[in-house]
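Observations on the model geometry
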Amino acid sequence: MTSLQGKVVLITGGARGIGAEVARRLRGKGAKLVLTDLDKAALDTLAAELGGDEHVLTAVADVRDLPTMQAAVEAGVQRFGGLDVAVANAGIASYGSVLQVDPEAFKRVLDVNLLGVFHTARAALPALIERRGYLLIVSSLAAFAAAPGMASYDMSKAGTEHFAHALRLEVGYRGVGIGVAHMSWIDTALVRDTKADLPAFTTLLRKLPWPLNKTTDVDSCATTFVRGIEGRKDRVYCPGWVAAFRWLKPVLSTRAGELPIRRTTAELMPQMDAEVAALGRSTSAYNQELGQP
């Protein structure tokens, strides 16, 4: 296991949810942190909690913008002397079917979840190569098993999985470790906001077969991520049963594999689209506000 004492770690989407909980655990193990997010108030609050400027550098940075991410990495290197670990964690979701979703909301998910990972990697890699560091890319169970009403999220997470594997081949010989994390439903704002906005989503989640209908707490997920970082693991799964879906993926995309969810979708997808239309937006209110220019 790699000691995190004195290591410098970049986390995107670091102000809330999994990113913030990972930051707390890493700081508890002696790491210095570079946290990026669009929510300045939440970043400032977390930085104060974790010890202030001596241990934490925050940057309001949009992962969709490569120069901004490069500036955040450079600021971290200047402050702490280098970069040992990066966690490409920032991610959002959209609401509604392909026929219902606002095309701009759909595109924004791809820009944040997929291009944002590329921008994070591109910005961090020079510093990571210098220290033979480690990059953890956050994908999802959605890379293995598609869900109705989540096409943009599924596309982005499948893409980040393949990006991680390609990148591992490209930089492994330079001493950089590349990990990819896959999680099921985690009790983050993303899941809670979707449940609150779309009752049909809550029903869909409840009707999924076990264990796909279970939600895991953020603490457990963050603990798993930190273990993955310490072990420089190629793959991180939370909960552990998600690993099985890596091997079940070919079956899940067959008619037989899709049958259980097809029956539920026929009933709930029209309801979900009606709820999205009534809501008047295709993402959470929080993400919509952050996304305004």
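Given the structure is predicted, the values throughout are model-derived calculations rather than measurements.

1. Some words on the layout of surface pockets
- By volume, the second largest pocket is sized at about 280 Å³.
- Looking at the lining of the second largest pocket, the elements that each hand over two or more residues are helix H4 (103-130) and helix H11 (285-290).
- Top contributing element to the lining of the second largest pocket by residue count: H4, with six residues.
- The residue inventory of the lining of the second largest pocket, partitioned by class, reads four nonpolar, seven polar and seven charged.

2. As for the packing of helix H7 (residues 199-207) against helix H10 (residues 255-279)
- At a minimum axis distance of 8 Å, the contact between H7 and H10 shows a crossing angle of 165°. Comparing the axis directions of H7 and H10 gives the class roughly antiparallel. Handedness of the H7/H10 crossing: left-handed. Within the contact between the two elements, H7 uses Pro199, Ala200, Phe201, Thr203, Leu204 and Lys207 and H10 uses Ile261, Thr264, Glu267, Leu268, Gln271, Met272 and Glu275.

3. Section: the packing of aromatic side chains
- Counted according to the given criterion, the structure contains three aromatic pairs.
- Centre to centre, the rings of Phe118 and Phe163 are 6.5 Å apart; their planes meet at 85°, and the pair counts as edge-to-face. One end of the pair, Phe118, is in helix H4; the other, Phe163, is in helix H5 (residues 151-171), and 45 residues separate them in sequence.
- Aromatic side chains Trp185 and Phe201 sit 5.4 Å apart centroid to centroid with 80° between the ring planes, which places their arrangement in the edge-to-face category. Here the residue Trp185 occupies a position in the loop between strand E6 (177-183) and helix H6 (189-197), and Phe201 occupies one in helix H7, the gap between them amounting to 16 residues.
- Of the residues examined, Trp185 reaches a relative accessible area of 17% and is grouped as buried.
- Between the NZ or CZ atom of Arg16 and the centre of the ring of Tyr286, over which it lies, the distance is 3.6 Å.
- For Arg79, the ring lying beneath its charged end belongs to Phe80, and the centroid distance is 5.9 Å.

4. Looking at unusual backbone geometry
- With an omega of 5°, the peptide bond running from Trp210 to Pro211 counts as cis.
- Mapped onto the secondary structure, Pro211 falls in the loop between H7 and helix H8 (218-230).
- The omega torsion across Cys238 and Pro239 is -10°, close enough to zero to call that bond cis.
- Mapped onto the secondary structure, Pro239 falls in the loop between strand E7 (235-238) and helix H9 (242-252).
- Notably, Arg132 is not glycine yet its phi reads approximately 50°, a positive angle.
- If you trace the backbone, Arg132 turns up in the loop between H4 and strand E5 (134-138).
- Backbone geometry places Arg232, a non-glycine residue, at a positive phi of 50°.
- Structurally, Arg232 can be placed in the loop between H8 and E7.
- Overall, the relative accessible area of 31% leaves Arg232 in the partly exposed class.

Here is what the cut-offs are and how they apply
Residues numbered from 1 in each chain as written. Predicted model: local features only at pLDDT ≥ 70, side-chain atom pairs only at ≥ 80, totals over all residues. Heavy atoms only, no water. 1 Å grid on protein atoms, 1.4 Å probe; cavity = no way out; pocket = protein on both sides within 12 Å on 5 of 7 lines; lining within 4 Å. Points joined across faces, edges and corners; volume = space filled by probe spheres on them. Helix = DSSP H or I, 4+ residues; strand = E, 2+ residues; numbered from the N terminus. Nonpolar A, V, L, I, M, F, W, Y, C, P; charged D, E, K, R; others polar. Axes fitted to C-alpha atoms, helices over the stretch in contact; angles between N-to-C directions. Parallel < 35°, antiparallel > 145°, perpendicular 65-115°, else oblique. Left-handed = near helix turned anticlockwise from the far one by under 90°. Contact = heavy atoms within 4.5 Å. Phe/Tyr/Trp six-rings, centres within 6.5 Å; stacked < 30°, edge-to-face > 60°. Buried < 20%, exposed > 50% of the residue type's maximum accessible area, 1.4 Å probe, protein only. Lys NZ or Arg CZ within 6 Å of the ring centre and 35° of its normal.

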